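# Descriptive analysis of the structure
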Amino acid sequence: MSLNTQILVAAILGLIFGYVLNLFPNGAFFSASLYGIGIASSIFIGLLKMLLIPLIFSSIVVGVSNLQAGGQFVRVWKITVMCCITTTTLALALGLACAHLFEVGKGVDIAMFQDAMTQHQSPDTLTPSSFITNFIQNTLINPFKAFSDGNVLAVVLFALFVGVALVKGGERFKAVRSLSQQFFDIMMMMIGWVMKLAPLGIFALLAKLVATEDISVLSRLAEFAVVVTGTTIFHGAVVLPLLLWVFGKMNPITFFKGTKTALITAFATSSSSATMPLSLKCAQENLGVRPQTAGFVIPIGTQLNMDGTALYEAAAALFIANLMGLDLSLGQQLIVCLTAMIASLGAPGIPSAGMVTMIMVLQSVGLPAEAIAILLPIDRLLDTVRTVVNVQGDMMISVVVDHHTKQAAEKT
Ligand code: ASP
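Okay, so let's go over this structure. Just so it is clear, the structure is predicted and the values come from calculations on it, not from any experiment.

With that out of the way, let us pick up the overall build of the chain. When its secondary structure is counted, the chain shows 18 helices and zero strands. Over its C-alpha atoms the chain spans a radius of gyration of 21 Å, differing by no more than 12% from the 22 Å that the globule rule assigns to 412 residues. When its C-alpha atoms are laid out on the principal axes, the chain stretches across 70 × 55 × 40 Å. The buried share among the 412 residues of the chain stands at 54%.

As C-alpha cells, then:
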C-alpha cells in the first residue's frame with residue numbers, strides 16, 4: 001500500500017474507531033483507548049512542531065536567497081501578495097453571500113444561548129488598532145525568543161531579512177548560504193521520516209476528535225454548520241481549483257492527488273502550522289513547484305493566507321447579527337470583510353485561532369464579544385474543514401506563483 005493510501009485508510013478507520021468510542025464513553029476500554037490515541041497523536045504532532053521552526057527559518061532563508069540571486073524575489077513577492085488578497089477577498093465575498101442567501105441565524109431563538117453567553121468570560125476588547133499594535137510588538141522581537149516561543153510570524157520576518165542579506169553580501173557569505181541549504185535538506189529528510197508515522201498519527205488524531213467531541217451540539221446550530229461547511233467546501237472544491245487551472249495551468253485532479261497527505265493532515269490536526277512541513281514536501285515533490293518558490297511561498301502563506309478562516313469569520317459575524325435581530329448595513333458588512341481579512345492575516349495556524357481573532361470582527365460592528373460562546377462548542381469540528389482550505393490555498397498559490405516566475409526565468 002502506498003503511503004497516500006495508508007493515510008486515507010487510517011483516516012477512515014480513525015473516524016470509525018472514534019465514533020465507536022463516542023458511543024461507549026464510560027469504562028476501562030474507553031479510558032485505555034483514549035490514553036493510547038492521546039500518546040500516538042502527541043508524538044505525531046510533537047514531531048511536526050519540533051521541525052516547524054527550523055524548517056520555516058531554513059526554507060525562507062534558502063528560498064529568498066535563491067530567488068534574489070536569480071533576480072526573482074520581488075516578482076515572487078508581488079504575485080504571492082496578489083494571490084493571497086484575491087483568494088481571501090473571494091472567500092469573504094462567498095461567505096457573506098451564502099450567509100445572506102440562506103439567512104443563517106434568522107428565526108433562531110437566541111434565548112437558548114443566553115446561559116452560555118452570560119457564563120462566558122468577556123475577553124478584553126480587541127480593536128483593529130490594538131490588534132495591529134500587538135501584531136507589530138509581537139513580530140519585531142529578539143529572534144531567539146521567537147524561536148523558543150514558536151512565534152512563526154517573527155521567525156518568518158527574521159528569515160526574510162537574513163535571506164536578503166545573504167545575497168547582498170554576495171561571495172562573502174557563500175559558506176553560510178550553502179550551510180543553510182544543507183540544514184534545509186536535513187530538515188526535509190527528517191520530514192520524510194515523520195511522514196512514515198502519518199497514518200498512525202492521523203488515525204489517532206481523528207479517533208480522539210470524534211471520541212471526545214460532543215457531536216450532538218452540531219444539531220443546535222445545524223443550519224449554520226451546514227452552510228459554513230458547504231460554502232468552505234465550495235471554495236476549496238470549485239473556486240480555488242478554477243483559479244489554479246486558469247492561472248497555474250494545473251489540472252485540479254493532479255493537484256488533489258499530489259496534496260492528499262497534507263490535506264488529510266490539515267483535517268486531522270486543524271493546524272496549518274503543524275501541517276506546513278507536509279505542505280512543503282507535497283508542493284515540491286508531488287506538484288513540481290521549484291524549491292525556492294515553495295520554500296518561500298508556503299511558510300508565508302501558512303501565516304498570512306487563510307481563506308477558510310476569513311470565510312468563516314465573515315459568515316459567523318452575519319450569523320450572530322441575524323441571531324440578535326440586527327441588520328448590518330452595506331458599510332458595516334465592508335467593515336466585517338476588512339477586519340476579517342486582518343484577522344485571518346494575524347491568526348496563527350493553530351486549532352481554533354480563528355475564534356480568538358473573531359472577537360475583533362464582532363466588535364468592529366458593535367456585536368458583543370460574548371457571542372462567540374455560541375460558536376465555541378462547535379468550533380473544533382468546523383475548524384477541520386476550514387484548515388484544509390487554508391492549507392490548500394497555500395499550496396495552490398505556490399503553484400500559480402511558480403508557474404508565472406518559472407516562465408519569466410526561462411525567457412530571460
Ligand atoms: N485552525 C486554523 C488553521 O490552523 C486557523 C483557524 O482557527 O481558523 O489554519
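Bringing helix α12 (residues 252-269) into the picture now. When the terminal C-alpha atoms of α12 are compared, their 24 Å separation across 18 residues agrees well with the 26 Å that a helix rising 1.5 Å per residue should span. Its maximal kink placed at T259, α12 deviates by approximately 65°. Within α12, burial applies to P252, F255, G258, T259, T261, A262, L263, I264, T265, A266, A268 and T269. The residue sitting at the N-terminus of α12 and contributing the capping side-chain oxygen is N251; that oxygen lies 2.8 Å from the backbone nitrogen of I253. Positive phi appears at S270, one or two residues downstream of α12, with a value of about 55°.

The relative placement of two packed helices is expressed as an angle between their axes plus a distance between the axes. It is the contact of helix α11 (residues 222-248) with helix α15 (residues 307-323), at a shortest axis distance of 10 Å, that shows an interaxial angle of 145°. Every pair of crossing elements has a handedness; the one defined by α11 and α15 is right-handed. Side by side, α11 and α15 meet where F224, V228, T231, T232, H235 and L240 of the first sit next to D307, G308, L311, Y312, A315, A316 and F319 of the second. Considered class by class, the residues forming the contact of α11 with α15 number eight nonpolar, four polar and one charged.

With that settled, the discussion passes to the environment of D394. Mapped onto the elements of the fold, D394 is located in helix α18 (residues 372-411). In sequence terms D394 and Q303 are 91 residues apart; their C-alpha atoms lie 9.4 Å from each other. Discounting residues that sit within four places of it in the chain, D394 has contacts with V297, I298, G301, T302 and N305.

In the neighbourhood of the ligand, 14 residues make up the surrounding shell, with S272, T309, G354, D383 and R386 lying closest. Interatomic distance of 3.3 Å between a backbone N/O atom of G349 and an oxygen atom of the ligand. Its free accessible area being 270 Å², the ligand has 100% of it covered by the protein chains. Those elements giving two or more residues to the shell around the ligand turn out to be α17 (353-364) and α18. Ranked by residues supplied to the shell around the ligand, first place goes to α18 with four residues. Each residue belonging to the shell around the ligand can be placed in one class, and the counts come to three nonpolar, nine polar and two charged.

Criteria and cut-off values
- Residues numbered from 1 in each chain as written.
- Predicted model: local features only at pLDDT ≥ 70, side-chain atom pairs only at ≥ 80, totals over all residues.
- Heavy atoms only, no water.
- Helix = DSSP H or I, 4+ residues; strand = E, 2+ residues; numbered from the N terminus.
- Rg over C-alpha atoms; globule rule 2.2 N^0.38 Å.
- Buried < 20%, exposed > 50% of the residue type's maximum accessible area, 1.4 Å probe, protein only.
- Expected span 1.5 Å × (residues − 1).
- Bend = angle between axes of the 7 residues up to and from the residue.
- Polar contact = N/O pair within 3.5 Å; in protein donor to acceptor, adjacent residues only side chain to side chain.
- Axes fitted to C-alpha atoms, helices over the stretch in contact; angles between N-to-C directions.
- Left-handed = near helix turned anticlockwise from the far one by under 90°.
- Contact = heavy atoms within 4.5 Å.
- Nonpolar A, V, L, I, M, F, W, Y, C, P; charged D, E, K, R; others polar.
- Near = heavy atom within 4 Å.
- Areas by Shrake-Rupley, 256 points an atom, 1.4 Å probe, with all protein chains shown as cover.

By themselves, these are just geometric observations and shouldn't be taken as functional.
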